[in-house]
Amino acid sequence: MKRILKGLGLVILLVIVVASCIVIYNWRDRHPDYTIDVRIENKTPGTIQAGFAKKPITPTIVDTWNDANGNNKYNQDEGDTYNDNNNNGKFDAFWIAGMSNAKPAQGVHDDVWSRVMVLDDGKSRIAMISMDAIGFLHGDVIDIRNRIPKELGIDYTLLSSTHTHESNDLIGIWGENMFNSGVNPDIMEYVKEQTVAAIIEAAKSIRPAKLVFAEDLSGKDAALMKDTRKPIVKATGIHVMQVLDAENDTTLGTLVNWSNHPETLWSQNLLISSDFPHYVREAMENGVFNGSEKMEDGLGGVAIYFSGVVGGLMAPHPSISITDPFTGEAYAEPTFEKTKALGDQIALLSLAALKKQGDTVSSSNISVRAKTVFPDLDNTTFKIASGIGLIKLGMPEYFKTRTEVGAIRVGPALFLSIPGEIYPELVFGGIEAPEGREFDIQPLEIPPIQDLIKDRYKFYLGLSNDEIGYIIPKSEWDTGKPYLYNDPHDTYGEENSLGPETGPFIYNSLVEVIQDLE
């Protein structure tokens, strides 16, 4: 009996040691000693050169599947089967990220993209990328930076995710189940290759350019989003930059920055899509159509959509209707018709803003302040998911992760790089200290970020260079009863945040880079 117990103890000890080694290995820092402290200042306006490019990062769907009970989730125990169309004996699934696990894509509705703008003021050169993804972790951003050819002379690269909930998983937590990563290594490699190829193409195509800035601050876009968590602070405002060829005034590209979750199609969609950013970009490039009839001309060039202040949660929720701008038909149920109606409305407001109040800048300059920061990783679920290899967070320090904040000034505009889904109260004001809060404190993250930016035009680029989840004011943090505002239901957001210190930490880091540019 003693020998049996001793043997059992050794087996248990071995299991613990092996499990610990796996966790420690998965927690390792994949980019040891990586840090940036970028300070680029140019106060002398000159000729701006710009180049644009776009490359698809769409997975090729080979295997499809048969949904036995029609719940839009793959579960073999419930009778679901797959069609081995390439005859390799396994289910080659691409798992749609967002909403829930176990959603293998059945096909492609529209391509997902990496879209790039390169700007050069004669002194420095930057690349700004928007990728159709739920998010892209900082370690993967570093991988892309390391692949950019040095001869391109790019001094700083910003990569932002549109946060579409309708494309394949590039983070890991939306696989077949909570224990299997949803990231396909081959498609991740393809995404990185295509993104670098787009950067190279954009850099090689730069031409003398003029910049046109415009915005719609009318509040009309408020009807297109729902704030699903108190306090109600909607992140309204559409920010636009059109880039013209200086020689012939044709459009090289256009940036549209707006704050709403690209999840119009909600939880039942099984087709790869960039959601409403697809329709925004199509309309900006090719025109706004009502059926086959063109209702508004497009601008040409390459349209790039950047998601903004989407925490809180800004969403085209099924409980709100989106009206088709031409037929007047209202769509509440999640459909592609609703998604197009939303995209068309944002495009129409953007085009109208450029026509009515665009400010053209013939010469400009670029300044950049960006730095690596190390927020606390307090989220137990994130720690476990990282430890078992679902997500590749990495820990350069004990229970801290590496991320990045930044600010880019181009002429009269400031582009703020935010590494997650920031709550609008931190940016626009309105933080509260409601009854039921977890910490007996008053708001810490004041004044609102917008009040600290003195530039005429403000672009808020969410999910930039990382996806650390929700960035929540600490005085609104809540994980247990009594719930905020004495509501009977718990809050959403905290389970997808690094922790309660994230809000004040990221706020202070953003304030620092803004002030460093002044």
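See the structure shown above.
The sections below set out a description of the structure shown in this document. Please read these numbers as outputs of a predicted model, since none were measured by experiment.

### A closer look at the layout of surface pockets
Space inside the largest pocket adds up to approximately 890 Å³. Along the walls of the largest pocket sit 35 residues, with I173, W174, F382, Y492 and N496 positioned nearest its centre. Here the element with the most residues in the lining of the largest pocket is helix α6 (residues 380-387); it accounts for 4 residues. When the residues that make up the lining of the largest pocket are grouped by side-chain class, the tally is 20 nonpolar, 11 polar and 4 charged. By volume, the second largest pocket amounts to about 490 Å³. In this structure, the second largest pocket is lined by 29 residues; those nearest its centre are R30, L137, D140, K192 and K392. Listed by contribution, the elements that provide at least two residues to the lining of the second largest pocket are α2 (138-147) and α3 (185-204). No other element matches α2, which puts 5 residues into the lining of the second largest pocket. Grouping the constituent residues of the lining of the second largest pocket by class yields 12 nonpolar, 7 polar and 10 charged.

### Some remarks on empty space enclosed by the protein
Applying the stated criterion across every chain, the model contains 1 cavity of 30 Å³ or more. If you add up the space inside the largest cavity, you get close to 30 Å³. Lining the largest cavity are T236, G237, H239, N257, S259, G308, V309, F428 and Y460. When grouped by side-chain class, the residues that make up the lining of the largest cavity number 3 nonpolar, 6 polar and no charged.

### Examining the nonpolar core
Counting 64 residues, the largest nonpolar core has W258, M284, I346, L416, I422, I449 and L510 as its most contacted members. Ranked by the residues each element gives to this core, the list is headed by helix α5 (residues 336-357), at 8 residues. The contact partners of W258, leaving out residues within four places of it in the chain, are D221, L224, M225, G237, I238, F276, Y305, F306, S307, G308, L342 and I346. Judged by nonpolar contacts, the second largest core, of 35 residues, contains Y34, I126, M128 and F415.

### Notes on the packing of helix α4 (residues 276-286) against α5
One way to put it is that α4 packs onto α5 with a least axis distance of 7 Å and a crossing angle of 45°. Here α4 is positioned oblique relative to α5, judged by the angle of their axes. Note that α4 runs across α5; the crossing there is right-handed. Every residue of α5 that contacts α4 at F276, Y279, V280, A283 and M284 is listed here: F336, T339, K340, L342, G343, D344, I346, A347, S350, L351 and L354.

### So, the pattern of salt bridges
Taken as a whole and judged by the stated rule, the model has 30 salt bridges. For D132, the salt bridge identified is with R281, shortest N-O distance 2.9 Å. Of this pair, D132 sits in the loop between β7 (125-131) and α2 while R281 sits in helix α4, and the two are 149 residues apart along the sequence. Classification of D132 as buried rests on a relative accessible area of 1%. Among the ionic contacts, a cluster of salt bridges with common partners joins D37, R39, R369 and D516.

Cut-offs used in this document
Residues numbered from 1 in each chain as written. Predicted model: local features only at pLDDT ≥ 70, side-chain atom pairs only at ≥ 80, totals over all residues. Heavy atoms only, no water. 1 Å grid on protein atoms, 1.4 Å probe; cavity = no way out; pocket = protein on both sides within 12 Å on 5 of 7 lines; lining within 4 Å. Points joined across faces, edges and corners; volume = space filled by probe spheres on them. Helix = DSSP H or I, 4+ residues; strand = E, 2+ residues; numbered from the N terminus. Nonpolar A, V, L, I, M, F, W, Y, C, P; charged D, E, K, R; others polar. Core = buried A, V, L, I, M, F, W, Y, C linked by side-chain atoms within 4.5 Å. Buried < 20%, exposed > 50% of the residue type's maximum accessible area, 1.4 Å probe, protein only. Contact = heavy atoms within 4.5 Å. Axes fitted to C-alpha atoms, helices over the stretch in contact; angles between N-to-C directions. Parallel < 35°, antiparallel > 145°, perpendicular 65-115°, else oblique. Left-handed = near helix turned anticlockwise from the far one by under 90°. Salt bridge = Lys/Arg side-chain N within 4 Å of Asp/Glu carboxyl O.

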